[in-house]
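Notes for the structure review
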Amino acid sequence: MRVGLVLSGGGARGIAHLGVLKALDEQGIKISMISGVSSGAIAGVLYGFGYSPDEILRMLKELSVFHVVRPAFGKIGLLHLEEVEKLYCKYLGANPRFEDLKIPVVVSATEMNEGVTTYFSEGELIKPLLASSAVPILYQPIQYQGKTLSDGGLINNLPVEPLHNNCDVKIAVHVNPINHQASVTTLRSMIERTVLLAINNNVKLRFQQCDLLLEPQDLRYYRLTNFRKADEIFNIGYKYGMHMERHIKLLVNKSF
């Protein structure tokens, strides 16, 4: 019985994926395949490589945004991803390939010229992983295999499609619940609100394609950039995953 996991993007909220993964580990749920985008792709790849959720959390907490980005004025994006690439090489090796992963992972990105989602599951790993979270305008797009690639969440922030016909059970972890009592008072909050509403619009139909949706509602109080609250976000994912244990096991056992 193959359990597939789809992990949404969500900036700092994506740290909750790690908490959910820890809960699934403790429940004895074996993941057969992961499809991830943006922060969900990062969590999925590192977990698929063999790192535990707690180890991945420690890695993320050691990083500083100011140490991994530098300006790229005059380019399509404002920031380079070269330092981020070095960090991936540190934890995944110099030239990691999808085939090196212990759990198969599909990484999705947006092909900007065609305006379609592109899926990667074999060959070079780091370029697709960088592309999956390269937010348009903020980061330069990644040129790979003749494609111009940016953040996959732009048009598909819950890439469940690769799990079809490959898994008996499809569990989705969506980390972007909408706060309907939000107060939009600044330009920054307006931009963040616009991003959240836009990406949420492309996931609604995909919820119906999953057998179980895990969506920790407490995440609605956290900003996409709240990386300093990594421990809190991780714990929200973990507690919610444990809270949903009965539903998870009922689904998995029912599928045998």
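Thresholds applied
- Residue numbers here run from 1 along each chain, matching the order of that chain's written sequence.
- Only residues with pLDDT of at least 70 get local features here, since the model is predicted, and only at 80 or more are side-chain atom pairs given and counted; chain-wide, interface and lining totals rely on the full set of residues.
- Think of the side-chain values as coming from all heavy atoms in the structure, minus any hydrogens and water.
- Like charges are joined within 9 Å and nonpolar side chains (Val, Leu, Ile, Met, Phe, Trp, Tyr) within 5 Å, but only among residues with over 30% relative accessible area and no salt bridge; these make up the patches.
- Using a 1.4 Å probe, accessible areas were evaluated by the Shrake-Rupley method; residue-level cover was limited to the displayed protein chains.
- In what follows, salt bridge is the name for a side-chain nitrogen of Lys or Arg lying within 4 Å of a carboxyl oxygen of Asp or Glu.
- Helix and strand definitions follow DSSP, with helices as H or I runs of at least four residues and strands as E runs of at least two, each counted in order from the N terminus.
- Whether a residue is buried, partly exposed or exposed follows from its accessible area with a 1.4 Å probe, protein chains only, as a fraction of its type maximum: under 20%, in between, or over 50%, in that order.
- Think of each axis as a best-fit line through the C-alpha atoms, taken over the contacting stretch in the case of a helix, with angles from 0 to 180 degrees between the N-to-C directions.
- Comment on the angle field: the value is read as roughly parallel under 35 degrees, roughly antiparallel over 145, roughly perpendicular from 65 to 115, and oblique elsewhere.
- Crossings are assigned a handedness: left-handed for a near helix turned anticlockwise from the far helix by less than a right angle, right-handed for a clockwise turn.
- Contacts were defined at the residue level, with two residues in contact if any of their heavy atoms lie within 4.5 Å.
- Three residue categories are used. Nonpolar comprises Ala, Val, Leu, Ile, Met, Phe, Trp, Tyr, Cys and Pro, charged comprises Asp, Glu, Lys and Arg, and polar comprises the others, including Gly.
- By nonpolar core is meant a set of buried Ala, Val, Leu, Ile, Met, Phe, Trp, Tyr and Cys residues that side-chain atoms within 4.5 Å join together.
- UniProt positions are given in the numbering used here, feature names are shortened, and annotations may be inferred rather than shown by experiment.
- By the criterion applied in these results, polar contacts are pairs of N or O atoms within 3.5 Å in which, for protein atoms, one can donate a hydrogen and the other can accept it, and in which residues neighboring in sequence qualify only through two side-chain atoms.
- Every residue is assigned a pLDDT by the predictor, reflecting its confidence on a scale from 0 to 100.

Turning our eyes to something else, we now look at a nonpolar patch on the surface. On the surface, a nonpolar cluster with roughly 450 Å² of combined accessible area is contributed by Val184, Leu187, Met190, Ile191 and Val195. Following the sequence through the fold, valine 195 ends up in helix α7 (residues 187–201). Overall, valine 195 belongs to the partly exposed group, its relative accessible area being 37%.

Where helix α2 (residues 39–49) meets helix α3 (residues 53–62), the closest approach of the two axes is 10 Å, and the angle between their N-to-C directions is 125°. What the angle tells us is that α2 and α3 run oblique. The two elements α2 and α3 cross, and the hand of that crossing is right-handed. Across from Ala43, Leu46 and Tyr47 in α2, the residues of α3 making contact are Pro53, Ile56 and Met59. Here the contact of α2 with α3 is composed, by residue class, of six nonpolar, no polar and no charged.

This structure, assessed with the given rule, holds seven salt bridges. With a closest N to O distance of 3.4 Å, lysine 22 and aspartate 54 form a salt bridge. Within this pair, whereas lysine 22 is found in helix α1 (residues 15–26), its partner aspartate 54 is found in helix α3, the two being separated by 32 residues in sequence. For lysine 22, a relative accessible area of 22% puts it in the partly exposed group. A relative accessible area of 28% means that aspartate 54 is categorised as partly exposed. Between lysine 249 and glutamate 245 there is a salt bridge whose closest N-O contact spans 3.0 Å. One end of the pair, lysine 249, and the other, glutamate 245, are both in helix α10 (residues 245–254), four residues apart, so they sit about a helical turn from each other.

One broad trend across soluble globular proteins is that nonpolar side chains are buried collectively. Ranked by internal contacts, the top residues of the largest apolar core, which has 62 residues, are Leu5, Ile171, Leu214 and Ile248. For this core, the leading source of residues is α2, giving seven residues. Other than its neighbours up to four places away in sequence, leucine 5 contacts Leu21, Leu24, Ile31, Met33, Ile34, Ser35, Leu163, Ile171 and Val173. Grouped together as the second largest cluster of nonpolar side chains are 10 residues, Met33, Leu158, Val160 and Leu163 included.

To continue, consider the UniProt feature "short sequence motif: GXGXXG" (unreviewed entry) in the protein chain. Sites flagged by UniProt as "short sequence motif: GXGXXG" (unreviewed entry) map to residues 9–14. The span residues 9–14 is 0% helix and 0% strand, and its two end C-alpha atoms sit 6 Å from each other.

Further remarks concern unusual backbone geometry. Even without a glycine there, the phi angle at glutamine 145 is positive, about 55°. With respect to the helices, strands and loops of the structure, glutamine 145 is situated in the loop between β5 (142–144) and β6 (147–151). Residues other than glycine seldom take positive phi values, yet asparagine 165 does so here, at roughly 70°. Position of asparagine 165 among the secondary structure elements: in the loop between β6 and β7 (169–173).

The feature "active site" (unreviewed entry), as annotated in UniProt, sits at Ser38 and Asp151 in this numbering. In summary, the annotated positions, though distributed over 114 residues, converge in three dimensions, the widest C-alpha pair being only 6.3 Å. Secondary-structure assignment places serine 38 in the loop between β2 (33–37) and α2. With relative accessibility at 8%, the residue serine 38 sits in the buried group. Once residues within four sequence positions are removed from consideration, serine 38 is found in contact with Gly9, Ser132, Ser133 and Asp151. For aspartate 151, the position within the fold is in strand β6. Once you skip the residues sitting within four places of it in the chain, aspartate 151 turns out to touch Val37, Ser38, Thr110, Ala131, Ser132, Ser133, Ala134, Val135 and Pro136. For aspartate 151, the side chain forms a polar contact with the side chain of serine 38, separated by 3.4 Å.

Once that is clear, we can look at the confidence of the model for the protein chain. Here the protein chain shows a mean pLDDT of 88. Residues at 70 or above account for 92%. Predicted confidence is poor over residues 65–73, with pLDDT under 50, and the contacts of this stretch with residues over four places away or in other chains come to 21 contacts.

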